[in-house]
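The chain contents come next:
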There are 2 protein chains.
Amino acid sequence: MQCLAMDDETMMRRAIALAAGSAGGPFGAVVARDGVVLGEGANHVVPGRDPTLHAEIVAIRAACAREGTHDLSGATLFTSCEPCPMCLGAAWWARISSIAYGNGHAEAAAIGFDDSAIYEEMRRPLEARRLPMRRMLAAEAWRGFQDWAARPDKEPY
Amino acid sequence: MQCLAMDDETMMRRAIALAAGSAGGPFGAVVARDGVVLGEGANHVVPGRDPTLHAEIVAIRAACAREGTHDLSGATLFTSCEPCPMCLGAAWWARISSIAYGNGHAEAAAIGFDDSAIYEEMRRPLEARRLPMRRMLAAEAWRGFQDWAARPDKEPY
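The structure reproduced in this document is the subject of the present report.

The rules we used
Residues numbered from 1 in each chain as written. Chains lettered and ligands numbered in written order. Predicted model: local features only at pLDDT ≥ 70, side-chain atom pairs only at ≥ 80, totals over all residues. Heavy atoms only, no water. Contact = heavy atoms within 4.5 Å. Buried area = accessible area lost by both parts, 1.4 Å probe. Salt bridge = Lys/Arg side-chain N within 4 Å of Asp/Glu carboxyl O. Polar contact = N/O pair within 3.5 Å; in protein donor to acceptor, adjacent residues only side chain to side chain. Helix = DSSP H or I, 4+ residues; strand = E, 2+ residues; numbered from the N terminus. Expected span 1.5 Å × (residues − 1). Buried < 20%, exposed > 50% of the residue type's maximum accessible area, 1.4 Å probe, protein only. Arc of directions from axis to C-beta. Pairing = 2+ DSSP bridges. Axes fitted to C-alpha atoms, helices over the stretch in contact; angles between N-to-C directions. Least-squares fit on C-alpha atoms with pLDDT ≥ 70 in both. Parallel < 35°, antiparallel > 145°, perpendicular 65-115°, else oblique. Left-handed = near helix turned anticlockwise from the far one by under 90°. Nonpolar A, V, L, I, M, F, W, Y, C, P; charged D, E, K, R; others polar.

### Overview of the interface of chain B and chain A
Residue-level contacts link 83 residues of chain B with 83 residues of chain A. Across the chain B/chain A interface, buried area totals approximately 7,700 Å², and carbon plus sulfur atoms make up 68% of it. Counting across the chain B and chain A interface gives eight salt bridges. Between E140 of chain A and R13 of chain B there is a salt bridge; the shortest N-O distance is 2.7 Å. For the pair chain B and chain A, the interface holds 22 residue pairs in polar contact (both at pLDDT 80 or more).

Right, here's the structure in full:
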């Protein structure tokens, strides 16, 4: 844990250093607020046998564990590379306030990590997805939603 | 763990039942292959204080832990509600082969969980994002990528 406030360039250099030391893909990330590191991490997909362990997710989860909340409002995500949709989604749900990135998609593609296919996938209508999607048991699923909506103890977020 | 092969409707009903029993939002998911459940889960964001614990992520991580790999090729993700970009991204990286969903976005929005803003965010160019993004230390970040690309022990995936 850092006790002295660090500036943004120091944070990004830390993310780049984490990428260099990664046991997985060359990606590192730091979540910080007011010059203090809340969480950090490197890509751990292959060694962790977990496709969700991108550096940004590792850093966001570490920050949430430290802060005891799923809400990281006011924090910045420093990442050595522009986030994929999974990580951008995680930052969104964590209420991260801004993102700083080092490499862009073009640089990632140049070393063999091409996110463009997944960004294209997000833009396709459901019926044209490469990962096929179909709807099932819509009435039963909707009944479940209605039951939840009628619960007095529900906790929206 | 299931030992008898279950059909797709049984899998989806299991996802809907997990949603009903969730301690967080009303979302459940099951990852299955050849009629066998590999992993399952419910939304755990609020109780777990972790914004990444959507039902689909919980189920994918459980399946990967069980299988000992980040690669779930051939598996289907059954989810009680159409996935958000974070979860669709996780399914993509896990190489999930198909997705079956119960409720659509419209039903989720009707009970207060509106994912449309985040889907719109994905479609915006970087400079127009609501979650502001800026590039920093591009040259240093690129040097890190080049160093990784030159490593003989690198493991692309």
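Moving on from the coordinates now.
### Topic: helix α7 (residues 138–149) of chain A
All names here are of chain A. An ideal rise of 1.5 Å per residue puts 16 Å on twelve residues; α7 measures up with 16 Å between its terminal C-alpha atoms. Buried within α7 we find A141, F145 and W148. Each buried residue of α7 sits inside an arc of 60 degrees when the element is viewed along its axis, so together they form one side. Exposed residues on α7 whose side chains face more than 90 degrees from its buried face are A139 and D147.

### Digging into the sheet that holds strand β3 (residues 76–81) of chain A
The mixed open sheet is built from five strands, whose spatial order is β2(A)-β1(A)-β3(A)-β4(A)-β5(B). Either end of the sheet is taken by a strand with one partner, and the two such strands are β2 (36–42) of chain A together with β5 (133–135) of chain B. For this sheet, the mean angle separating the axes of adjacent strands, direction not counted, is 20 degrees. Where strand β1 (residues 28–33) of chain A lies against β3 of chain A, four bridges are found, and the strand directions are antiparallel. Bridge pairing in β3 of chain A places V30 of chain A opposite F78 of chain A. Where helix α3 (residues 55–67) of chain A meets the sheet, it contacts β1, β2 and β3 of chain A, and its direction lies at approximately 140 degrees from that of β2 of chain A. Sheet strands touched by helix α7 (residues 138–149) of chain B: β3 and β4 (98–103) of chain A together with β5 of chain B. Its angle to β4 of chain A, the strand with the most contacts, is close to 55 degrees.

### Some points on the pattern of salt bridges
Tallied over the entire structure, the rule returns 24 salt bridges over all chains. Linking E40 of chain A and R14 of chain A is a salt bridge whose minimum nitrogen-to-oxygen distance equals 2.6 Å. Remark: R14 of chain A occurs in helix α1 (residues 8–20) and E40 of chain A occurs in strand β2; sequence separation between them is 26 residues. Residue classification places E40 of chain A among the partly exposed positions, given a relative accessible area of 29%. We classify R14 of chain A as partly exposed; its relative accessible area is 34%. In this structure, R124 of chain A engages E120 of chain A in a salt bridge whose closest nitrogen and oxygen atoms are separated by 3.8 Å. Here the salt bridges do not stand alone but share partners, grouping E9 and R13 of chain A together with E140 of chain B into one network.

### Re the relation of the copies chain B and chain A
For these two chains of identical sequence, chain B goes onto chain A by a turn of 180 degrees and a shift of 0.0 Å along the axis, with RMSD 0.0 Å. In symmetry terms, the pair is related by a two-fold rotation axis. Residue M86 of chain B, judged by its C-alpha, is the member of chain B lying nearest the rotation axis, at 1.9 Å. Both copies present the same face, since 100% of the interface residues in chain B are matched by interface residues at the equivalent positions in chain A.

### Re the packing of helix α3 (residues 55–67) of chain B against helix α4 (residues 85–93) of chain B
All names here are of chain B. Two elements in contact, α3 and α4, have axes whose closest approach is 9 Å; the angle formed by their N-to-C orientations is 20 degrees. Of the possible angle classes, the one that applies to α3 and α4 is roughly parallel. Taken as a pair, α3 and α4 cross one another with a handedness that is left-handed. Between α3 and α4, the residues in contact are E56, I57 and I60 and M86, C87, A90 and A91, respectively. When its residues are assigned to classes, the contact of α3 with α4 shows six nonpolar, no polar and one charged.

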